[in-house]
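Residue-level structural notes
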Amino acid sequence: MGEHIIKLPDVGEGVAEAELVEWHVKVGDMVREDTVLAAVMTDKATVEIPSPVDGEILWLGAEIGDTVAIGSPIVRLKVAGEGNVKPQSGEVEAVAAEPPAKLPTPKPESAAPAATTKPKAAAPEAKPAPTVSKSTGKTSVSGAPRSEGEKPLASPAVRLRAKEAGIDLRQVAGSGPAGRIGHEDIEAFLARGPQVAKASGLARNDAVEDIKVVGLRRKIAEKMTLSKSRIPHITYVEEIDVTALEELRAALNKEKRQDRSKLTLLPFLMRAMVKAIADQPQLNSLFDDEAGIIHQHGGIHIGIAAQTPSGLVVPVVKHAEARDIWDCGAEVVRLAEAAKSGTATRDELSGSTITITSLGAMGGIATTPVINHPEVAIIGVNKMMVRPVWDGTQFIPRKMMNLSSSFDHRVIDGWEAAVFIQRIKALLETPALIFVD
């Protein structure tokens, strides 16, 4: 038997480091060649790291959220044969004793000296005196089972049983290795009486789970913080009567060609935005607040904020000014599918000059969208509802929808924001105008 060390491979041209966002294995797991071990995220993409060999996981060299340098050891396996580590080099001991090189202070990759000393094990913490369980005859810890903040060890089946019985596992003494709680420990706890085992299921829950913010969630947090800290937002909400638009959309979808996907509201909104931006080009800008320069773009690249299993991403429909309704709709569908499947490229997820955000049927009555920095405007679509509208003589049912839009008040004045949204409102309420050049 030998040992095999896997180092973080080159995951992209010009990439010197990557953030570890997920482990797919744990120490003790048996893996086969091509088994996915971990996922890392760079500024360009999320990359899965496969195993090049069969073996047993002996050591994992980083934690979720760590930034690891390319070439740093991340996994050590026991393998059949010699492996890729020679025992006399001392590399195995060095890897086991030290964490992998991580920026900004990477460790050199040179082998450790031939004679190495393994780190001395820390002295075990003092534990309460053991007692013998009356129901099981096994030794357990008396008094408080574990110190404040210490998480109980138990299998999923034991945790489920405890949850159903209304038992706080932190109050149960474990008789297994390292204080692991087994079914017999649950039985012993229940045998002590109803004062400690709440069978009603209405148990008090004081648990606090610490969740590290990593990967895409961390990048989203950083982007939103940057936007709110630097951009003075102004939000403008307007009510739109989309009854005629919905009638037109239904008619177009009924008569569409087989090679075309169904139209949603978004392509109509995109074309209305293109027409409104032609009158107010300053809305299609990026503000470089460090240099004090507004980059006003001719090409209209509309970002479509999309929720995916990994988090919020913004695929971009490039050059919406050169696309008709059907082309805009097809590109929205294509990009949405790529984003949800995780196959969208970096180019497809960057380069927007103005953004649409929509929660669809869950859109609420009004929202306060956060601008996609460094853009100066974001258009928020709220849910559509049938409401009674007074036409001068009577109330009639109309399909109504709010647009909740935010603007960078350093670049866009309130009056300009209102004019922009009113222009979009007029186009959506009389949708034939969208098709008039």
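Residues numbered from 1 in each chain as written. Predicted model: local features only at pLDDT ≥ 70, side-chain atom pairs only at ≥ 80, totals over all residues. Heavy atoms only, no water.

1. Some details on the sheet that holds strand β4 (residues 36-41)
Keep this limit in mind: At least two DSSP bridges between two strands are needed for those strands to be called paired. A helix here means a DSSP run of H or I that spans at least four residues, while a strand means a run of E at least two residues long, and both kinds are numbered starting from the N terminus. Here an axis means a line fitted to C-alpha atoms, over the contact stretch when the element is a helix, while the angle between two N-to-C directions is reported on a 0 to 180 degree scale.
Reading across the sheet, the 4 strands line up as β5-β4-β2-β7 and stay open at both edges, with antiparallel pairing between neighbours. Either end of the sheet is taken by a strand with one partner, and the two such strands are β5 (46-50) and β7 (67-69). With strand direction ignored, the average angle separating the axes of adjacent strands in the sheet is 45°. Pairing geometry for strand β2 (residues 17-23) and β7, over 3 bridges, is antiparallel. Bridge assignment links E17 to a residue of β7, and that residue is A69.

2. A few points about unusual backbone geometry
Phi is mostly negative for residues that are not glycine, and the peptide bonds are mostly trans. Cis geometry is adopted by the peptide bond preceding P374, which originates at H373 and carries an omega value of 10°. Mapped onto the elements, P374 comes out in the loop between β17 (354-358) and β18 (377-390). Backbone geometry places D34, a non-glycine residue, at a positive phi of 80°. Position of D34 relative to the elements: it lies in the loop between β3 (30-31) and β4. For H319, which is not a glycine, the phi torsion comes out positive at approximately 50°.

3. Here we look at the sheet that holds β3
One open sheet holds the 4 strands; their spatial order is β1-β8-β6-β3, and the pairing between them is antiparallel. Of all strands in the sheet, those bounded by a partner on one side alone are β1 (2-7) and β3.

4. Section: the environment of M224
Convention followed: Relative accessibility thresholds used throughout: buried, under 20% of the residue-type maximum; exposed, over 50%; partly exposed, between the two (1.4 Å probe, protein chains only).
Its location among the elements puts M224 in helix α4 (residues 215-230). On the basis of relative accessible area, M224 is assigned to the partly exposed category, the value being 28%. Once the C-alpha coordinates of M224 and N372 are considered, the two residues, 148 residues apart in sequence, prove to be 7.8 Å apart.

5. Focus on the pairing of β18
Of the strand pairs in this sheet, β17 and β18 are connected by 4 bridges, and their pairing is parallel. Considered in β18, the bridge of I356 is made with I379. Inspection of the sheet shows β18 paired to strand β19 (residues 395-408) by 12 bridges, in the antiparallel sense. Across the sheet, residue V386 finds its bridge partner in β19, namely K399. As consecutive antiparallel partners, β18 and β19 are separated by 4 residues, and within that stretch G392 has a phi angle of approximately 110°, a positive value.

6. Things to note about the pairing of strand β12 (residues 285-288)
In this structure, β12 lies alongside strand β13 (residues 293-296), joined through 4 bridges in antiparallel fashion. When the bridges of β13 are listed, S285 appears paired with Q296. Hairpin connection of β12 to β13: 4 residues between the antiparallel strands, including G292 at a positive phi of 70°.

7. Brief notes about the nonpolar core
Cut-off, in case you're wondering: Throughout, nonpolar core names a set of buried Ala, Val, Leu, Ile, Met, Phe, Trp, Tyr and Cys residues whose side chains join them through atoms within 4.5 Å. Throughout, a residue-residue contact means that at least one pair of heavy atoms, one from each residue, lies within 4.5 Å.
Counting 44 residues, the largest nonpolar core has I302, I356, F420, I424 and L428 as the members making the most contacts within it. Every element with two or more residues in this core is listed here: α6 (265-279), β14 (302-308), α7 (325-341), β17, β18, β19 and α8 (414-429). For this core, the leading source of residues is α6, giving 10 residues. Apart from residues lying up to four places away in sequence, L428 is in contact with I240, D241, L245, F268, L269, A272 and I434. Ranked by size, the runner-up nonpolar core spans 20 residues in total, among them L37, V68, I74 and L77.

8. Some thoughts on the confidence of the model for the protein
Here is the rule: The quantity known as pLDDT measures the predictor's confidence residue by residue, on a range of 0 to 100.
For the protein, per-residue confidence averages 83 on the pLDDT scale, and residues scoring 70 or more make up 83% of the total. Counting contacts from residues 89-144, a segment whose pLDDT is below 50, to residues more than four positions away or on other chains yields 79 contacts.

9. Overview of the pattern of salt bridges
The cut-off we apply is this: Think of a salt bridge as a Lys or Arg side-chain nitrogen and an Asp or Glu carboxyl oxygen that are within 4 Å of each other.
According to the stated counting rule, one finds 21 salt bridges in the structure shown. Across the pair E222 and R218 runs a salt bridge, and its minimum N-O distance is 2.8 Å. Residue E222 and its partner R218 are located together in helix α4, separated by 4 residues, close to a single helical turn. For E222, a relative accessible area of 44% corresponds to the partly exposed category. Overall, R218 belongs to the partly exposed group, its relative accessible area being 25%. We note a salt bridge from E239 to R387, for which the minimum N-O separation is 2.4 Å. Placement of the pair is E239 in strand β11 (residues 233-241) and R387 in strand β18, with a sequence separation of 148 residues. Counted as one network, the salt bridges with shared partners bring together R230, D289, E290, D408 and R410.

10. Observations concerning the packing of aromatic side chains
Stated formally: The criterion for an aromatic pair is that two Phe, Tyr or Trp rings (for Trp, the six-membered ring) have centres within 6.5 Å, with stacked assigned to planes under 30 degrees apart, edge-to-face to planes over 60 apart and tilted to the rest.
Applying the stated criterion across every chain, the model contains 2 aromatic pairs. Residues F407 and F420 carry aromatic rings whose centres are separated by 6.4 Å and whose planes lie at 90° to one another, so their mutual orientation is edge-to-face. Here F407, found in strand β19, pairs with F420, found in helix α8; they are 13 residues apart in sequence, far enough to count as distant. A relative accessible area of 0% means that F407 is categorised as buried. Here F420 falls in the buried class, since its relative accessible area comes to 0%.

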